[in-house]
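# Residue-level structural notes
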Amino acid sequence: MSSVVYIRNRPTRAPGLWRSLAGWIGRFYTVGERLGQGGSVVPAAEDYSWLVETQTLGFSFNLALVRGLEPDDVIAQLGGADPVDIIGTALLEPAAGLAISLPDPDTFDATLTTGLTFVAAARVGFWTLILEPLGSLCATPAVARVLSTRGEMVCFDYHENATSRFSWSRDGDMLVVLNPESPALREGSSPDQLNDTLTELGFTVERSDDVPYDRLYGQRTLALMECLTGVRITPELLDSTAYRCAAVPGPESWGSGTLDPSAAGLFLLEVRELLADYADDPADHNNPDHFAWSEMGVTDKRVRATGHYGLQLFTADPAFLRAVAHASPELHHRLIRWLRDQPFAEAGILNEPWFAPVRNALHRGAPIPKAELRKAEQHLDSSSPDDRGESPGRRAFRSIRFQPGRSIDPGAVTGILMSQLAGFRGTRIAEIVPAVRQAFPELADVEIPEQPPERDRARRWRETRERVREQQRNET
């Protein structure tokens, strides 16, 4: 089947031979890259054992390879716009969740289905890789025809506990469609065209009542895709790739055989903004305290980055926590050092000569030599317990078991160390605030910028939760 190429907006027929030749050049190029990396020539199911061993793609996904379209072209063809960059598959599923449903701003603990789905696309050799962590849009026949109109597409819709599906399309024609678990039942305009390749990969293509269940059908299908494209998918490739990501209208928008963007237009702009915000700071959205911060109307990312203990401090003294979050690096350095030292100073051991190697290692953020730890513990063993049944020095030493690393946000480190000081004193973290304010009066002079405005949906969601909780308090 020949296809149409467009030159200056005028359709002209082009021989399918040239596009087929380009496709094979792409295959040989990708295979050559793989050989240069020490890979094998002939794909096999064993090459894809990682599918079940690592769960890099999870228990359900849609993976497609398209020739003839760039990543942004794929997104545009699917009705998306303004794609954002996200690196690695681990961050894709949370982003997909943002696209598929939103909190209902007017109903307590309810969500709204957006009618959208999420696609991630990236260039791999001469092909574009498409991933849907929570969707199956590319498995839709209408979508397969559109994406393969000027080239070729292979698609694997995988579900560990439901029916999976493989399709191969070229020039808008679905050539082969099959369930990899039952490959003897094939559809498409040329259903037997891949029989030899399927047999070589270990699929059973003849109908029989005695065919055992194929536990490797997922691995075989990925090997089949490699046979057709020359692209070998690996966990390293998936985890290091920068994907172009966007929300697009879901399968229901293709019900007529062509895209009807109005079917899912209600939420598209809002979800685009959410995805842009997520791509800018995935850690904030994946923070287990994300919703707690949202309930308090906090949109300042520096404040939100202070973590779980920052949340406790904000509840007790918002102005203090904001000052900590926006303190200068120099002030953070002094504040963190003081908090690290304080339990040992109050225990009376900070300036002891035998404690100096431990203290200096803590100041450098370096591992404490085991010999010095043992020497310090010998001194602590000879000290007398206080009215809490333990020597203050031994109690201070417990904070050494967990020292936050340098990669953690300095505001979060401050909260952790304040919690450790509270544990040493046997009090609550909020009661440490006056001591820190007294030791660092310059916190009062920290310039705190105005926080970004709350999104309308987030504000309404927060106000609904506040209203319901107030009703619950009144009822009790």
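These figures come from a predicted structure and were not determined experimentally.

Now for the overall build of the protein. Looking only at helices and strands, one finds 21 helices and 13 strands in the protein. Residue burial in the protein is summarised as follows: out of 476 residues, 47% are buried. Once local pairs closer than 6 in sequence are excluded, the contacts in the protein between residues at least 24 apart make up 63%. In the structure as shown, the protein presents an accessible area of about 23600 Å², 52% of it carried by carbon and sulfur atoms.

Looking now at the pattern of salt bridges. Summed over the entire model, instances satisfying the criterion amount to 25 salt bridges. Note that R186 is salt-bridged to D192, the shortest N-O span being 2.8 Å. Judged by relative accessible area, which is 18%, R186 ranks as buried. A salt bridge links R428 to E431; the shortest N-O distance between them is 3.6 Å.

Tallied over the entire structure, the rule returns 9 aromatic pairs. Judged by centre distance (6.1 Å) and plane angle (55°), the rings of Y48 and W50 are tilted. You can call Y48 buried: its relative accessible area is 0%. Look at W338 and F440: their rings are 5.8 Å apart centre to centre, the planes differ by 90°, and that puts the pair in the edge-to-face class. Within this pair, whereas W338 is found in helix α15 (residues 329-346), its partner F440 is found in the loop between α20 (433-439) and α21 (456-475), the two being separated by 102 residues in sequence. Judged by relative accessible area, which is 22%, W338 ranks as partly exposed. Accessibility expressed as a relative area gives 5% for F440, which makes it buried. Within the aromatic cluster, the residues linked to one another by ring pairs are F61, F156, Y158 and Y217. Taking NZ or CZ as reference, R395 lies 5.2 Å from the ring centre of F424, over its face.

Right, let's get into the pairing of strand β12 (residues 182-187). Pairing of strand β11 (residues 173-179) with β12, which is carried by 3 bridges, proceeds in the antiparallel orientation. Looking at β12, one finds that N179 is bridged to S182. Hairpin connection, β11 to β12: the antiparallel pair is bridged by 2 residues.

What the 9 strands build is an open sheet, ordered β4-β13-β7-β8-β3-β9-β10-β11-β12; its pairing is antiparallel. In this open sheet, the two edge strands, each paired with only one partner strand, are β4 (84-87) and β12. Neighbour-to-neighbour, the strand axes of this sheet turn through a mean angle of 25°, independent of strand direction. Examined bridge by bridge, strand β3 (residues 60-67) and strand β9 (residues 152-159) share 8 bridges and lie antiparallel to one another. Bridge pairing in β9 places L65 opposite V154. On the sheet, helix α4 (residues 92-100) packs against β4, β7 (116-124), β8 (127-132) and β13 (242-249) and is oriented at approximately 145° with respect to β7. Docked against the sheet, helix α7 (residues 217-229) engages β3, β8, β9 and β10 (165-170), running at close to 170° with respect to β9.

A residue-level look at the protein finds 88% of positions with pLDDT of 70 or above and a mean pLDDT of 86. Per-element averaging of pLDDT across the protein places strand β1 (residues 3-7) at the bottom with 26 and β8 at the top with 98. Predicted confidence for residues 1-40 stays below pLDDT 50, and this span has 52 contacts to residues more than four positions away or in other chains.

What counts, and where the lines are drawn
- Residues numbered from 1 in each chain as written.
- Predicted model: local features only at pLDDT ≥ 70, side-chain atom pairs only at ≥ 80, totals over all residues.
- Heavy atoms only, no water.
- Helix = DSSP H or I, 4+ residues; strand = E, 2+ residues; numbered from the N terminus.
- Buried < 20%, exposed > 50% of the residue type's maximum accessible area, 1.4 Å probe, protein only.
- Contact = heavy atoms within 4.5 Å.
- Areas by Shrake-Rupley, 256 points an atom, 1.4 Å probe, with all protein chains shown as cover.
- Salt bridge = Lys/Arg side-chain N within 4 Å of Asp/Glu carboxyl O.
- Phe/Tyr/Trp six-rings, centres within 6.5 Å; stacked < 30°, edge-to-face > 60°.
- Lys NZ or Arg CZ within 6 Å of the ring centre and 35° of its normal.
- Pairing = 2+ DSSP bridges.
- Axes fitted to C-alpha atoms, helices over the stretch in contact; angles between N-to-C directions.
- pLDDT = per-residue confidence, 0-100.

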